[in-house]
Amino acid sequence: MVVLDPLRELFGFGLVGAWLGYTAYWLEWHRKPFWVYAVLVARIFAAWAFGWLYARYYCFGDTLKVYLTAGRLSYYLWHEPGVALALFFKEFSYNWEKVGWQVFFQDIELFGYDYEWSEPSNYIFYRLAVLPYVAAGGSYYGLQGLMGLIGGLLTYAAYRRWETVISLPRYFWVFLFLWPSVAFWFSGALRDTLVFPLMLYGAAWVASVRHWRDIGGGLALVAVLLLRPESMPLAIGVGLFLRFPSWWAISVGSVVGVLAFMYWVGPWAYRYRAEALAPVLHPELPEASVFYLDFKPTPWGVWKGLGGGIVYGLLGPLPWHIQKLLVAVYALEAWVGAGLMAYWGLWAWWRGGWKRSYVALLLLGVIVVGGVAMAVPYWGTLARQRVYGLCWMALGIAAAVQEGTQRAQNRLGQP
């Protein structure tokens, strides 16, 4: 657990309020709709709840590592700029992995957290987190709230970009902005807060870009590549599906995807899961939060794992897996989400709304959800990471619903 300074936290709350006020002024100047303000405020509150969960319930995890790593880096920027430059640009040091981390891990008690002498995960994101850390006055909850605000703004940008690509029902955007997994897990100081909306924006950019000066989506994809590289093929693939919705393009993409899954994704998921469940590396596994899949890392064995992963990814945790309150919350959200998608998917099918590109989006989302469940053995991590597949499923279903609605109106002769 990290001991927080109440005065610093109070100062951080004030800074978040100031940043929100500045954002509101900027949005009002550009005549943005009122609901954007409400969404941003909701994301900030969700980010504070997210930060509390990690700081007071889990008492460990990536969120605390982000905060404390950013704190270390900002400390060196202020007190030892030379060391700070070495920490920020460690890629230019040929012997950094051998001796450089000794600088980072010195004075552990000063920073209040022991990383077990291993490199922080995704150090690129941790270095980027220094900017919101400083803007939040070094406050833990200030950092959480500011990250929620930034994530909300990026999600709004993705929404505006998707409006130029495809016509979707208004209520779909409730999922994008306020679905519990999106609003909660993707609002705190984690790289997913930035990667998820950037991935969506990049996919819409690939599908709609018309001029070489339109470089925003390209920059978004570069950021996704640096922060979570496995998400970039999804963004590019979805964008190409929508830009070239012909059968041959979808067929070629499907064959490439199947081969990649058989020979790379599946075996990688097996190794990742095995490492996460290794007793030597994790001697105190929280059994109530773990689920197991039995499959082999062979080209054909991974399909068995995918089948189980799809079941757990869409419907898990199942009733017999529930042993604590948080797992029950994950289960409730999964069951409600699966029920809603099944209902609207059948509704769109009944009205003939499914096009080939929408079916491709749905199937891609199902496979991504299953692949995520194959790799991550913890219910909490699955609840967050499966959104990377659920978003494509929801996009495909929402587009099919909109198409079915339009066809029904045309049959009735309505405008």
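Bear in mind the structure is a predicted one, so any value in this text is a computation, not a measurement. (Residues numbered from 1 in each chain as written. Predicted model: local features only at pLDDT ≥ 70, side-chain atom pairs only at ≥ 80, totals over all residues. Heavy atoms only, no water.)

Asks: What should I look at first to understand the packing of helix 15 (residues 247–276) against helix 16 (residues 301–315) in this one?
Replies: If you want to describe how two helices pack, look at the angle between their axes and the distance between the axes. Remark: helix 15 packs on helix 16, axes separated minimally by 9 Å, with the N-to-C direction vectors making an angle of 85 degrees. Classified by the angle between their axes, helix 15 and helix 16 sit roughly perpendicular to one another. Residues Val258, Phe261, Met262, Gly266 and Pro267 of helix 15 form the contact with helix 16, whose own contacting residues are Val302, Trp303 and Leu306. Residue classes in the contact of helix 15 with helix 16 are distributed as seven nonpolar, one polar and no charged. (Axes fitted to C-alpha atoms, helices over the stretch in contact; angles between N-to-C directions. Helix = DSSP H or I, 4+ residues; strand = E, 2+ residues; numbered from the N terminus. Parallel < 35°, antiparallel > 145°, perpendicular 65-115°, else oblique. Contact = heavy atoms within 4.5 Å. Nonpolar A, V, L, I, M, F, W, Y, C, P; charged D, E, K, R; others polar.)

Asks: Honestly, the nonpolar core in this entry has me stumped. Any pointers?
Replies: For soluble globular proteins, the rule of thumb is that nonpolar side chains tend to be buried together. Membership of the largest hydrophobic core comes to 122 residues, with the highest contact counts inside it found for Trp162, Phe196, Met199, Leu200 and Trp392. If one sorts the elements of this core by residue count, helix 20 (residues 387–411) sits on top with 13 residues. Trp162 has contacts with Trp173, Leu200, Ala203, Ala204, Val238, Leu242, Trp392 and Leu395, leaving out every residue within four places of it along the chain. (Core = buried A, V, L, I, M, F, W, Y, C linked by side-chain atoms within 4.5 Å. Buried < 20%, exposed > 50% of the residue type's maximum accessible area, 1.4 Å probe, protein only.)

Asks: What's the story with the environment of Val165 in this structure? I'm lost.
Replies: Within the secondary structure layout, Val165 lies in the loop between helix 9 (140–163) and helix 10 (172–178). Linking Val165 and Ser208, residues 43 residues apart in sequence, is a C-alpha distance of 5.9 Å. Not counting chain neighbours up to four residues away, the residues in contact with Val165 comprise Ala204, Ala207, Ser208 and Leu242.

Asks: Is there a simple way to explain the pattern of salt bridges in this structure?
Replies: Two side chains with opposite charge may pair up if their charged atoms get near one another. The tally for this structure, following the rule as stated, stands at nine salt bridges. The partner of Arg384 in a salt bridge is Asp192, with the nearest N and O atoms 3.0 Å apart. Highlighted residues: Arg384 in helix 19 (residues 379–385) and Asp192 in helix 12 (residues 192–208), separated in sequence by 192 residues. One exposure class covers both Arg384 and Asp192, and it is buried. A salt bridge links Glu403 to Lys355, with the nearest nitrogen and oxygen atoms 3.7 Å apart. Taken together, the positions of Glu403 in helix 20 and Lys355 in the loop between helix 17 (325–350) and helix 18 (356–375) put the pair 48 residues apart, joining distant regions of the chain. Residue class for Glu403 comes out buried when judged on its relative accessible area of 18%. (Salt bridge = Lys/Arg side-chain N within 4 Å of Asp/Glu carboxyl O.)

Asks: Help me understand unusual backbone geometry, please; the structure alone is not making it clear to me.
Replies: Both trends apply: most residues other than glycine have a negative phi, and most peptide bonds are in trans. Following Gly316, the chain continues into Pro317 via a peptide bond in cis, with omega recorded as 0 degrees. Even without being a glycine, Arg31 presents a positive backbone phi close to 60 degrees. Relative to the helices and strands, Arg31 resides in the loop between helix 1 (6–29) and helix 2 (35–58). For Arg31, a relative accessible area of 67% corresponds to the exposed category.

Asks: I keep staring at the side chain of Gln385 and nothing clicks. Help me out?
Replies: Within the secondary structure, Gln385 sits in helix 19. The exposure class of Gln385 is buried, given its relative accessible area of 8%. At a separation of 3.4 Å, a polar atom in the side chain of Gln385 contacts the side chain of Asp192. (Polar contact = N/O pair within 3.5 Å; in protein donor to acceptor, adjacent residues only side chain to side chain.)

Asks: Got a minute to help me understand the environment of Met199 in this structure?
Replies: Its location among the elements puts Met199 in helix 12. Judged by relative accessible area, Met199 falls into the buried class, the value being 0%. Taking C-alpha positions, Met199 is 9.2 Å from Tyr388, a pair spaced 189 residues apart along the chain. Beyond its immediate sequence surroundings of up to four residues, Met199 is in contact with Val224, Ser231, Leu234, Ala235, Tyr388, Cys391 and Trp392.

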